[in-house]
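# Summary of structural features
Chain by chain, the residues run as shown.
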Amino acid sequence: MTGRWSRTCTALRRLAAAAAAGLAATAMGVLPAGADTNERRVALVVGNGAYRDAPALENPLSDAKAMSAALKRIGFEVVEGYDLDLEGMRKVVGQYAGKIDGAKVAFVYYAGHGVAVAGENYFLPTDTVLRSEADLDFKAMNMSLVLRQMQREDRVNVVIL
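Residues numbered from 1 in each chain as written. Predicted model: local features only at pLDDT ≥ 70, side-chain atom pairs only at ≥ 80, totals over all residues. Heavy atoms only, no water.

What follows is about the overall build of the protein chain. A tally of helices and strands in the protein chain yields five helices and seven strands. Each helix and strand of the protein chain, placed in order from N terminus to C terminus, yields the pattern α-β-α-β-α-β-β-β-α-β-α-β. For the protein chain, buried positions account for 37% of its 161 residues. Counting contacts in the protein chain only where the partners sit at least 6 residues apart, residues at least 24 apart contribute 67% of the total. As displayed, the protein chain offers around 8900 Å² of accessible surface, 54% of which is attributable to carbon and sulfur atoms. (Helix = DSSP H or I, 4+ residues; strand = E, 2+ residues; numbered from the N terminus. Buried < 20%, exposed > 50% of the residue type's maximum accessible area, 1.4 Å probe, protein only. Contact = heavy atoms within 4.5 Å. Areas by Shrake-Rupley, 256 points an atom, 1.4 Å probe, with all protein chains shown as cover.)

As structure tokens, this is what we get:
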């Protein structure tokens, strides 16, 4: 049963990656009629798999790199980060926030551990150690922070977790 489950999970991951690439391509096509196809599209791609104090994940790094390459092929400027600690995550989100000003499409792809608590979603950096719910505010990246950056201007926003 384990072999079948592993093959099923692999197939589902590939399907999800293909669907995500399709969504990215579609995002380019949902610009208003008459929009310049050379308008800026910016993506944030993060893949965290090498966790220090949580179970390591096999696929986020390769999935995120594949997504980054696909997005670049279809014209996105990509801010990318792999196996990031909290400081690294804050840095790439800050870079992304600086680049999306004036962009017509803002795209986020995250592969890695995450949690949802009290209606809030959090990306978990590779150095996260959570001992209480309060630790989320100080040791994790709140998805609301990323969404606020995307929503500062009227644009197409796509988020894939």
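From this point, things continue past the structure.
Further remarks concern the sheet that holds strand 5 (residues 120-123). Within a beta sheet, neighbouring strands are joined by backbone hydrogen bonds and run either parallel or antiparallel to one another. If you trace the three strands from one edge of the open sheet to the other, you get 4-5-6, paired in antiparallel fashion. The sheet is open, and its two edges are formed by strand 4 (114-117) and strand 6 (141-142), each paired on a single side. (Pairing = 2+ DSSP bridges.)

Okay, the nonpolar core next. Formed by 24 residues in total, the largest nonpolar core has its most connected members in L44, V46, M89, Y96, V108, F123 and V146. Taken together, the elements giving at least two residues each to this core come down to strand 1 (41-47), helix 3 (86-99), strand 3 (105-111), strand 5 and helix 5 (143-150). At four residues, the largest contribution of residues to this core is made by helix 3. Each residue touching Y96, except ones within four places of it in the same chain, is listed here: V42, A43, L44, V79, A106, F107, V108 and M150. Ranked by size, the runner-up nonpolar core spans 14 residues in total, among them V78, V105, F107 and I160. (Core = buried A, V, L, I, M, F, W, Y, C linked by side-chain atoms within 4.5 Å.)

So, on to helix 2 (residues 60-73). The terminal C-alpha atoms of helix 2 lie 20 Å apart, and with 14 residues this matches the ideal 20 Å at 1.5 Å per residue to within 8%. Just downstream of helix 2, G75 is the residue with a positive phi angle, here 95 degrees. (Expected span 1.5 Å × (residues − 1).)

Glancing now at the side chain of R41. Inspection of the secondary structure puts R41 in strand 1. For the buried R41, which has no salt bridge, the nearest side chain bearing the opposite charge is E39, at an N-O separation of 6.9 Å. Here E39 takes part through its backbone oxygen, which lies 3.0 Å from a polar atom of the side chain of R41. (Lys, Arg positive; Asp, Glu negative; His and termini not counted. Salt bridge = Lys/Arg side-chain N within 4 Å of Asp/Glu carboxyl O. Polar contact = N/O pair within 3.5 Å; in protein donor to acceptor, adjacent residues only side chain to side chain.)

Here we come to the sheet that holds strand 3. Here four strands make up an open sheet; going across it, the order is 2-1-3-7 and the pairing parallel. In the strand order of this sheet, the two ends are held by strand 2 (77-82) and strand 7 (156-160), each with one partner. In this sheet, adjacent strand axes meet at a mean angle of 10 degrees when their direction is disregarded. Judged from the seven bridges that link them, strand 1 and strand 3 form a sheet pairing that is parallel. Bridge pairing links V42 to A106 in strand 3. The strands touched by helix 3 within the sheet are strand 1, strand 2 and strand 3, with strand 1 carrying the most contacts at an inclination of about 170 degrees. (Axes fitted to C-alpha atoms, helices over the stretch in contact; angles between N-to-C directions.)

Our focus in this paragraph is the packing of aromatic side chains. Evaluation of the coordinates by the stated rule reveals two aromatic pairs. Relative to F123, the ring of Y110 lies with its centre 4.2 Å away and its plane at 25 degrees, an arrangement referred to as stacked. Of this pair, Y110 sits in strand 3 while F123 sits in strand 5; the two residues are 13 residues apart in sequence, bridging distant segments of the chain. Here the two residues Y110 and F123 agree in accessibility, since each one is buried. Positioned over the ring face of F76 is R41, at 5.9 Å from the centre of the ring. It is K65 that lies over the ring of Y82; its NZ or CZ is 5.3 Å from the centre. (Phe/Tyr/Trp six-rings, centres within 6.5 Å; stacked < 30°, edge-to-face > 60°. Lys NZ or Arg CZ within 6 Å of the ring centre and 35° of its normal.)

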